[in-house]
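# Architecture at a glance
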Amino acid sequence: MKRAFSFGDKSLEPAVRRINELRCVAVIGAGTMGQGIAADLLNKTDLEVLLLDVQPEALARARRKLTTDAAQRVKEGRLREEDARGLEARLTCTPEYDELRKADIIWEAATERSEVKAAIFAAIERIADPERLAAVFSNTSSYTTEELALLFRAEAFREKFLTVHGYYPFEANRLLDVMKGKFASQATFTLAVVFADQILEKTVIALPVDHHGYITDPIFQGMAAIISWDVRSGRDIVELGGVWELFTANPFTVLDQTGHMPYFESARHFGEALPAHDRLRSLYLRDGENYPAWIARLAKQGRMGLSSAGGSGFYQWSEDRATPQGVIDPATGEYAPIVEISRKEYWSYYQAAEHDRRGGKIKSAEGLLQVAGADDAGGRAFRRYVLPLCLYALDLIQDGIATPGQVNLATRAGLRFKTGLIEAIDALLAHLTVDGLLELVHRARDENADDPFLSEMLDVDGQAGPRRGRPSLLHELRRRNVNSLLGYGRFYHTPVAELALSDGTYRGCYADVKLYEPSSRDRVASVVLNNPLRGNVWNRANIDQLAHALARVLEWHREGRCGAVLFTAAGSGLRMLGADAREFNRGWFDPQRGYAPLSESAAAASSRNAVSLFRLIQRSPVGSVGVFGERWGGGTEFSYFLDLRYDVRAHGLVFDPLERRSAWGQKPIYNQPELDYAILPGFGAVGELQRLGFGDSSIFEIFDQGMTADRAHQVGLSNAVFDDELEALRRGYERARLMAKDAPYSRALFKEELQRGADDEALARETGETFNPRKNPFIRTGLLALLDRRSKPPPMDYSCEHVRLPGWVYPGDSGLAESDASAPPGNGSGAGGAA
């Protein structure tokens, strides 16, 4: 979204005001990351973007790429030519640091070399006005915030400096780290988090505590570094690196795609600066070297990945740079053919893949278990290379750097793990128990006893190496009888909560949903579907997360803290697409194999689970307002279940099938295209539209051509229509605030009447019941406000702790909805009432 909104959170309001006043962002460094940041800012904001680099050829490449990308979008019909010209007009490419005077935010995305950063920071301090600046960011991969803040002499710059780090490709990767450090003010930290979240539409890992490389970079660097010291041949790169293909991609392939320079510079800095207790420190300093000699030779030869002059690195790539065709042989320095991973020696890799294929899964936790304990080269690779990184993740939690949910999200969103690293640890704990996992690590240590570096990295008892005197978190989990670091949803067992070490409870932690707690003033909770990069599609993960969030909302309602919910979607246009088509296929879709159909029972369950959740929202005594723009399929259906619908008009290129051309106009925002794809609207569209009073003609209209916001308002489907997203959110939130003033007993009866339909005798009986204070304790305060208008009535106590609401039973009281965060017995799992 191009402007920010506080969702009733007063602590966010100063940051929201400052963000909405921004006019210009300067990006220093026109390399790969600088280009990505500039592109994201141009596409997602109306801000002026200043791209600064002292090398004219770098600026020329950046402008050429940004212009070419815009032209491609015009060609594809996703952008008008005048919009492309507008993007280009907002971009200034310059080698002049004096231009920084007009910047509201400065974002450094240059090399990791300390002397270069020092010169850049000196120029910023010399030229920029700290009073005008909202913040200064660095996209560093390895430095802490404190290390870089000290490059500034003035406190005014230090308190506005943060490390804010994205991942390749920046414009297509949803993860963004924001790290506060020692000097930054809380106001600057909050501003950066809101800017990253709402304006850049990223999934934010907000770290108050400094740490080299945040969470994700040390794990990714470690994935390659831990293997690199063992590489003797090209086959090793493929086979040993293949252990990470059980989670995501071979790290050497990814390094070629992103470029080697950040890896080299981070390895050098890690070797110098990682603290003595860091488990992975020995990966970056062995015999005075930060990386093996064979990698150093590649750098000397300029073979630094796809962006280097020759376009090669660990691999030799095809002419279109899409497919690796050869792999480097460190012994000869030549590229050798890529051979298939040995089925005889690495049979567990293939066993895991076959297990997933049969189960219709993709790189699953169950597949990892097939490899972890195997007596083949694959099992030994897992124990030698994966287990140290698992222990490192546990260190981050134990040392208070990150929470279990943050580590898991960082690996899922940033590194694109199909099974997050903490999910993998939980799977090992569930399969082996804590004692069994400790035995597996001891086995790995014994297998690698001849390697002192690996032996120290595999220490869990605090007996040797960097973690001497600090036994692994596994021992603490055993003492507490805890067998899971995450809580899991009741429908699909995906992560919805995380263990809080401070008190042993499980607290809500969502990757694809944001939940804002209600303030005591407004009593409105806000639920934001939060995966705009995928169009906020419905899938197993966010159904579980929404169920858990709703359980918390209903508990707040019971306590009298919440009376209404605002539902919306993150991202420009507040778009909400339908069900995730990837989950319509059984397992990984392969165009060569074609569609692998779901079973009837799995397809039926997807409908049953979603509709039961939406029905709970509809029938609950909590008021609901949806503020959305363009919707498709299941996204459209969800809004039918809400009490009120506030719509944002969508404009774009609309295809005219008769004229066979596209023209700019108002787009339909209620779209039900399911029949075109030989499926049904499985989330209740037809029944809900009939419940809302629409006849066959209007229903056919939605299904066959869609409805614009204005047309939906005309027929009564939409309650209000807006051009501006922020105004729609403001008005929707205000309506929810007024709805929250309804007395719970009366609203519950009102909802029951809506479900039941006309029944005069029941209406008379229920009207009598509302006047009975023993049944409806809210009547005393409510009637005082009506009868005595000359004095201010006492505030209503909205708590429903000891009130039986008509037609409604809280899920926890009925057994209709079980706890939405499940975990193995003995770990204190629960729905997690704290945010």
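Read on for an overview of the structure. Every value quoted in this text rests on a predicted model; they were computed, and no experiment measured them.

## Some remarks on the overall build of the protein chain
- Helix and strand content of the protein chain: 31 helices and 24 strands.
- Expected size for 835 residues packed as a compact globule is a radius of gyration near 28 Å; at 28 Å, the protein chain falls within 12% of this value.
- Overall, the protein chain is about 90 × 60 × 60 Å in size when its C-alpha atoms are taken along their principal axes.
- In the protein chain, which comprises 835 residues, the proportion classed as buried is 56%.
- Of the contacts made within the protein chain by residues no fewer than 6 positions apart, 70% connect residues no fewer than 24 positions apart.
- For the protein chain, the accessible area works out to roughly 35,300 Å², and carbon and sulfur atoms hold 51% of it.

## Some details on the packing of aromatic side chains
- Tallying each qualifying case throughout the model produces 32 aromatic pairs.
- Judged by centre distance (4.8 Å) and plane angle (75°), the ring pair of F5 and F7 falls under edge-to-face. Take F5 and F7: they sit in the same class, and that class is buried.
- A ring pair is formed by F247 and F417, whose centres lie 5.1 Å apart and whose planes are at 45°; its orientation type is tilted.

## Regarding the sheet that holds strand 20 (residues 644-648)
- In spatial order, the strands read 15-16-17-18-20-24; together these six strands make up an open sheet with mixed pairing. In this open sheet, the two edge strands, each paired with only one partner strand, are strand 15 (513-516) and strand 24 (720-722). Between one strand axis and the next, the sheet turns by 15° as a mean value, whatever way the strands run.
- The sheet contact formed by strand 17 (residues 564-569) and strand 18 (residues 623-628) spans five bridges and is parallel. The residue bridging T568 from the neighbouring strand is V627, located in strand 18.
- This element, helix 21 (residues 540-558), spans strand 15, strand 16 (524-529) and strand 17 of the sheet and lies at about 10° to strand 15.

## Description of helix 21
- Taking 1.5 Å of rise per residue, the 19 residues of helix 21 would be expected to cover 27 Å, and the 27 Å separating its terminal C-alpha atoms lies within 8% of that figure.
- Across the 19 residues of helix 21, 15 count as buried, placing the element largely inside the fold.
- Sitting at the head of helix 21, N539 places a side-chain oxygen 3.2 Å from the backbone nitrogen of A541.
- Positive phi appears at G560, one or two residues downstream of helix 21, with a value of about 85°.

## Description of the environment of L298
- By secondary structure assignment, the location of L298 is in helix 13 (residues 293-300).
- Once residues lying within four places of it in the same chain are set aside, the contact partners of L298 are R303, G313, F314 and I328.

## Notes on the pattern of salt bridges
- Inspection of every chain in the model, using the stated rule, returns 63 salt bridges.
- E76 is paired through a salt bridge with R78; the nearest N and O atoms lie 2.8 Å apart.
- Of the residues examined, E76 reaches a relative accessible area of 43% and is grouped as partly exposed.
- R80 is paired through a salt bridge with E82; the nearest N and O atoms lie 3.5 Å apart.
- You can call R80 partly exposed: its relative accessible area is 22%.
- Under the relative-accessibility criterion, E82 is labelled partly exposed at 40%.
- Look at the salt bridges and you will find they share partners, linking R279, D395, D399, R467 and R470 into a network.

## Overview of a nonpolar patch on the surface
- A contiguous nonpolar patch, built from F584, F589, Y595, Y677 and I679 and spanning about 560 Å² of accessible area, is present on the exposed surface.
- Here F584 shows up in the loop between strand 17 and helix 22 (600-619).

## With respect to the sheet that holds strand 2 (residues 48-52)
- Read across the sheet, eight strands follow the order 3-2-1-4-5-6-7-8 without closing on themselves; strand pairing throughout is mixed. Single-partner strands in this sheet number two, and they are strand 3 (91-94) and strand 8 (203-207). Adjacent strand axes in the sheet meet at a mean angle of 20°, parallel and antiparallel pairs treated alike.
- Of the pairings in the sheet, the one linking strand 1 (residues 24-28) to strand 4 (residues 105-108) comprises four bridges and is parallel in character. Considered in strand 4, the bridge of V27 is made with W107.
- Its contacts with the sheet place helix 3 (residues 56-75) against strand 2 and strand 3, and it is angled at close to 160° to strand 3.

## Here's the deal with the nonpolar core
- Core analysis: the largest hydrophobic core is formed by 143 residues, its most contacted members being V243, F247, F382, F614 and F638.
- Per element, the largest residue contribution to this core is 14 residues, and it comes from helix 16 (residues 377-398).
- When residues no more than four places from it in sequence are discounted, the contact partners of F382 are V243, L246, F247, L368, V371, A372 and L387.
- F7, A15, L644 and A728 belong to the second largest nonpolar core, which has 71 residues in total.

## So, unusual backbone geometry
- Looking along the chain, the bond that leaves Y168 and enters P169 is cis, with omega of -15°.
- When you line up the elements, P169 lands in the loop between strand 6 (161-166) and strand 7 (175-179).
- Even without glycine at this site, Y214 takes up a positive phi of about 65°.
- By secondary structure assignment, the location of Y214 is in the loop between strand 8 and helix 9 (216-228).
- Look at Y214 and you get buried, because its relative accessible area is 0%.

## As for the pairing of strand 6
- Counted residue by residue, strand 6 has six buried out of six residues, so it is predominantly covered.
- Across three bridges, strand 5 (residues 135-138) lies against strand 6 in parallel orientation. For V136, the partnering residue across the bridge sits in strand 6 and is F161.
- Pairing of strand 6 with strand 7, which is carried by four bridges, proceeds in the antiparallel orientation. Bridge pairing links H165 to D177 in strand 7.

## A look at the packing of helix 1 (residues 13-20) against helix 8 (residues 186-199)
- At a minimum axis distance of 9 Å, the contact between helix 1 and helix 8 shows a crossing angle of 60°. When the axes of helix 1 and helix 8 are compared, the crossing they make is right-handed. Contacts between helix 1 and helix 8 involve A15, V16, R18 and I19 from the former and T190, L191, V194, F195 and I199 from the latter.
- Taken together, the residues of the contact of helix 1 with helix 8 break down into seven nonpolar, one polar and one charged.

## Quick look at the side chain of E265
- Positionally, E265 belongs in helix 12 (residues 261-273).
- Summary of buried charges: E265 has no salt-bridge partner, and the nearest side chain of opposite charge, R268, is 4.6 Å away.
- Only 2.8 Å separates the side chain of E265 from the backbone nitrogen of E112, close enough to count as a polar contact.
- Excluding anything up to four places from it in sequence, E265 contacts T111, E112 and R113.

Parameters and conventions
Residues numbered from 1 in each chain as written. Predicted model: local features only at pLDDT ≥ 70, side-chain atom pairs only at ≥ 80, totals over all residues. Heavy atoms only, no water. Helix = DSSP H or I, 4+ residues; strand = E, 2+ residues; numbered from the N terminus. Rg over C-alpha atoms; globule rule 2.2 N^0.38 Å. Buried < 20%, exposed > 50% of the residue type's maximum accessible area, 1.4 Å probe, protein only. Contact = heavy atoms within 4.5 Å. Areas by Shrake-Rupley, 256 points an atom, 1.4 Å probe, with all protein chains shown as cover. Phe/Tyr/Trp six-rings, centres within 6.5 Å; stacked < 30°, edge-to-face > 60°. Pairing = 2+ DSSP bridges. Axes fitted to C-alpha atoms, helices over the stretch in contact; angles between N-to-C directions. Expected span 1.5 Å × (residues − 1). Polar contact = N/O pair within 3.5 Å; in protein donor to acceptor, adjacent residues only side chain to side chain. Salt bridge = Lys/Arg side-chain N within 4 Å of Asp/Glu carboxyl O. Patch = residues over 30% accessible without salt bridge, like charges linked within 9 Å, V, L, I, M, F, W, Y side chains within 5 Å. Core = buried A, V, L, I, M, F, W, Y, C linked by side-chain atoms within 4.5 Å. Left-handed = near helix turned anticlockwise from the far one by under 90°. Nonpolar A, V, L, I, M, F, W, Y, C, P; charged D, E, K, R; others polar. Lys, Arg positive; Asp, Glu negative; His and termini not counted.

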